Amino acid sequence: MPNANTAAANKQELLQQLQDLLPVGAVLSEPEDLRPYECDGLSAYTRLPLAVVLPESVTQIQHILRLCTRLGVPVVARGAGTGLSGGALPHEHGLLLSLAKFNRILELDPRRRLARVEPGVRNLAISQAAEPHGLYYAPDPSSQIACTIGGNVAENSGGVHCLKYGLTVHNIQQLKIVTAEGELLTLGSTALDAPGYDLPALMTGSEGMLGIIVEVTVKLLPKPERAQVVLAAFDDVARAGRAVGEIIAAGIIPAGLEMMDRLAIQAAEDFVHAGYPRDAEAILLCELDGINAEVSALILQVREILLASGATEVRSARDEAERARFWQGRKAAFPAVGRIAPDYYCMDGTIPRKRLPEVLQGISELSREYGLAVANVFHAGDGNLHPLILYDANRPGELERTEAFGARILELCVAVGGTITGEHGVGMEKIDQMCVQFQPAELEQFHAIKRAFDPHGLLNPGKAVPTLHRCAEFGAMHVHGGRLPFPELERF
Amino acid sequence: MRDHDATEQLQQRVRAAVASRTPLCITGSGSKTFYGREPVGEPLSTRAHRGIVNYEPTELVITARSGTPLVEIETTLAAQRQMLAFEPPHFGPQATLGGTIATNFSGPRRPHAGAARDFVLGCRLINGRGELLHFGGEVMKNVAGYDVSRLQCGALGTLGILLEVSLKVLPRPAREITRVLELDPAAALQHLHRWACLPLPVSASCHVDGRLYLRLEGSAEAIEAASATLGGDTLEATTLWHEIREQQHPFFADERPLWRLSLPSDTPPLSLPGQWLYEWGGSQRWLLSTAPAEDIRAAAHQAGGHATVFRRGDRQQAFQPLPATLLHYHRRLKQAFDPHGLFNPGRLYPEL
Ligand SMILES: Cc1cc2nc3c(=O)[nH]c(=O)nc-3n(C[C@H](O)[C@H](O)[C@H](O)COP(=O)(O)OP(=O)(O)OC[C@H]3O[C@@H](n4cnc5c(N)ncnc54)[C@H](O)[C@@H]3O)c2cc1C
């Protein structure tokens, strides 16, 4: 460990060299300038970095990384900072590398249906640029007005349309990355595949641990001739869950299939007046798209399935404006819940769909146990749950209780054969739950992959993959009397 | 053969190989032995390790052991009106799931639905230290840890011995027809591009012998509307797609080396000597040619793609060479999984 004096001297040297490399104003080191970068969308964790850098060119990023490798300084990448797992939380002895200035769409090729963009381009900006050509970029996280494509790749983000159109990994074709050692690599290609290992797949969802993404080529899809959304109300959450399975069993893959429970419905309704039935225990939003005649036929079929599954009400959006409103309610669900409680904590487990009723039951029991309310929002089609735990950070001990509750939810997801994170990433937040999901040899394999790209462990250190030491400590405190959480559940 | 879990035997074999530093040549049924660089090492067959472990039609997931015949998987899915949407080529009656994933081979629906790698949700494998590892799972979305499962796709077994793979499956389309149009290659590419920008239910395309074939699938309404847009004639029942996928179409019966060119779809016809068959909207082009490998590689590279010696030809140079820095990270990754270089050494590149 360096002592305080050498640390200060190193900081001076680092800042001096960064200033030599970068334009004026691209290196921030005064505490008040660092403050806006102290957290991402998970505001419970805050930390100031040594400095923030705002490079403008790939060459500058290469120089920064070579310098950091030489001086042994950690680097944390940051897109828009909307991440919900603390992935972009700064490192106290490291640089925060913001990609905010990489905000240009470099090329939009309607013939190849590709857009080549810088990593700081916002998700929605791509679809907006493609719109005049009748094309769009399919993955649509609810944060799409703000989050960046670089962040989307780093998290393998999904959206309400990924049941049919896939996640980020299915919709990107080529990446350019800069490695910790400052090498620029092109992964994938503008053809459908590339020779060698599938490194775009490895890089997608790697949470800034394996390289800095400096360019992304995404696929664009033709907009469907028609998209129509059906809203179904249920007086029982489990029944709504079963209806989801019935739709899929009928051989229908909706463009989107989302579910909200009573608390989430009411919060969304109060916030955006989406036209949801306030008295329902659950609603399903089912979007069907394709050619006109096909969509009409599917709507009839889905209506029947929903009614047969016990829906108390089924209605289709009457026009495009109503369709947009239905979706707006869903996409605004997080901020809407944010209005009914001082704070909320968003979970992101994924489970096999058929286990939904028992997991919901488990969550409501835990809710009673911890004395904290939960609003549930799901990507029901693909089993991705977003329980939102309502709490008040100003009440002593409540944040800790909330985190403990959240951890229990994730462990429940693992116990039914699911995962601790569907789309928000592990980051800092779920690092201990990784010990529940993976065995030591698997974690060791992850570390070996990390070393292959980042031998000195400088990119986003301490995130995403726990050390075995950390897991041992976590296990010691967690497994009471040799019992695992949820011993009553069958294990996978 | 019956369902059988041979994990333990396979793990013991790997441990013995680690101890004696014996390279292993991983095979399923051997249907894809022709592919890639010359296999070397002591044969290790996955065929005894077979059986569908879990299939949940309403979860859209199937999990099977790597030695399970593809035919068995496809028959099981078909009974529930589901399918492997990437339509894998078998290249042999006993083709296994493991080989399909290791080669990442995908059939005619590839540009419309995705490749094998797009459907992989999780896997179990043995790494080069003889450890049993499990990544991903049976759920549709999972970002816990690096995506090791997808990384196995196309790695030709060089990163581990696949034991089990979980795949997303999809409903079979209600109906399909094939349209055929008389067009030369350049005009066919033009048309394909125009149509690709429209929301049409095209699920396969192929140009051969002056004809463009398009498969449409979906509801009757969708097919009818699209047929009107495309023009041409309808082929009601055809084995064309199967023949193309399995390379049983007369085009493939030839003595010349068979090259696979993977190109940006709008690449104009390349002026290389030989005979062409286009698939995947122009993104996958088969070339029968005796032209020098360097010429074919240079033309593919210049167009932004790559070329593979698929059958015959000089298999020791099967794949387009990687840039030096990229190869460097490939080697480090290989080291991370297989530190003693035991799995299919040299099958993909001499250095891996
Ligand atoms: C209201 C709200 C709704 C949301 N809804 C969804 C949703 O529907 N689906 C979903 O998947 N997510 C959702 N999210 C989460 C979040 O928006 C996504 O994870 C998003 O992809 C993060 O993008 P970002 O640009 O903000 O990345 P950041 O938060 O800045 O960074 C996220 C991670 O990526 C790394 N990173 C960022 N840029 C790069 C780069 N160029 N190179 C390497 N690493 C990089 C960071 O180090 C960090 O680990 C939501 C968040 C909020 C606040």
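Draft legend 1. Fine view of the domain arrangement of chain B. All names here are of chain B. Here the domain parsing of chain B yields domain 1 (7-171 + 331-337) and domain 2 (175-311). Distance from the C-alpha centre of domain 1 to the C-alpha centre of domain 2: 27 Å. Facing 11 residues of domain 1, the contacting portion of domain 2 comprises 13 residues. Split into classes, the residues belonging to the side of domain 1 that touches domain 2 amount to five nonpolar, three polar and three charged.

Draft legend 2. Fine view of the nonpolar core. By size, the foremost hydrophobic cluster in this structure holds 248 residues, and its most contacted members are A:V218, A:A232, A:I283, A:L284, A:V337 and A:L388. Element by element, the count of residues in this core is highest for helix 14 (residues 398-415) of chain A, at seven residues. Taken domain by domain, the makeup of this core includes at least three residues from each of domain 1 (7-171 + 331-337) and domain 2 (175-311) of chain B. Discounting chain neighbours no more than four positions away, the residues touching A:L284 are A:A232, A:A240, A:A243, A:V244, A:L257, A:M259 and A:A380.

Draft legend 3. Local environment of the packing of helix 16 (residues 440-453) of chain A against helix 11 (residues 324-337) of chain B. Two elements in contact, helix 16 of chain A and helix 11 of chain B, have axes whose closest approach is 8 Å; the angle formed by their N-to-C orientations is 160°. Taken together, the axes of helix 16 of chain A and helix 11 of chain B are roughly antiparallel relative to one another. For the element pair helix 16 of chain A and helix 11 of chain B, the recorded crossing hand is right-handed. Together, A:A448, A:I449, A:R451, A:A452 and A:F453 of helix 16 of chain A and B:Y329, B:R332, B:L333, B:Q335 and B:A336 of helix 11 of chain B make up the contact between the two elements. Residue composition of the contact of helix 16 of chain A with helix 11 of chain B, by class: seven nonpolar, one polar and two charged.

Draft legend 4. Examining unusual backbone geometry more closely. All names here are of chain B. Notably, N104 is not glycine yet its phi reads approximately 55°, a positive angle. Looking at the element boundaries, N104 is found in the loop between helix 3 (97-103) and helix 4 (110-113). The backbone of D209 shows a phi angle near 50°, a positive value even though the residue is not glycine. Tracing the chain through its elements places D209 in the loop between strand 11 (202-208) and strand 12 (211-218). Assessed through the 10 C-beta atoms surrounding it within 10 Å, D209 is described here as exposed.

Draft legend 5. Expanded view of the environment of A:L210. Residues and elements named next belong to chain A. On the secondary structure map, L210 appears in the loop between helix 7 (199-203) and strand 10 (212-219). In this structure L210 comes out as buried when scored by C-beta crowding, with 24 C-beta atoms within 10 Å. Taking the C-alpha atoms as reference points, L210 and Q361, separated by 151 residues in sequence, lie 39 Å from one another. With near-sequence residues (within four places) excluded, L210 lies in contact with M203, K450, F453, D454 and L459.

Parameters and conventions
Residues numbered from 1 in each chain as written. Chains lettered and ligands numbered in written order. Predicted model: local features only at pLDDT ≥ 70, side-chain atom pairs only at ≥ 80, totals over all residues. Domains from an automatic or database assignment. Contact = placed C-beta atoms within 7 Å. Nonpolar A, V, L, I, M, F, W, Y, C, P; charged D, E, K, R; others polar. Core = buried A, V, L, I, M, F, W, Y, C linked by C-beta atoms within 7 Å. Buried ≥ 20, exposed ≤ 12 C-beta atoms within 10 Å, placed from the backbone. Helix = DSSP H or I, 4+ residues; strand = E, 2+ residues; numbered from the N terminus. Axes fitted to C-alpha atoms, helices over the stretch in contact; angles between N-to-C directions. Parallel < 35°, antiparallel > 145°, perpendicular 65-115°, else oblique. Left-handed = near helix turned anticlockwise from the far one by under 90°.

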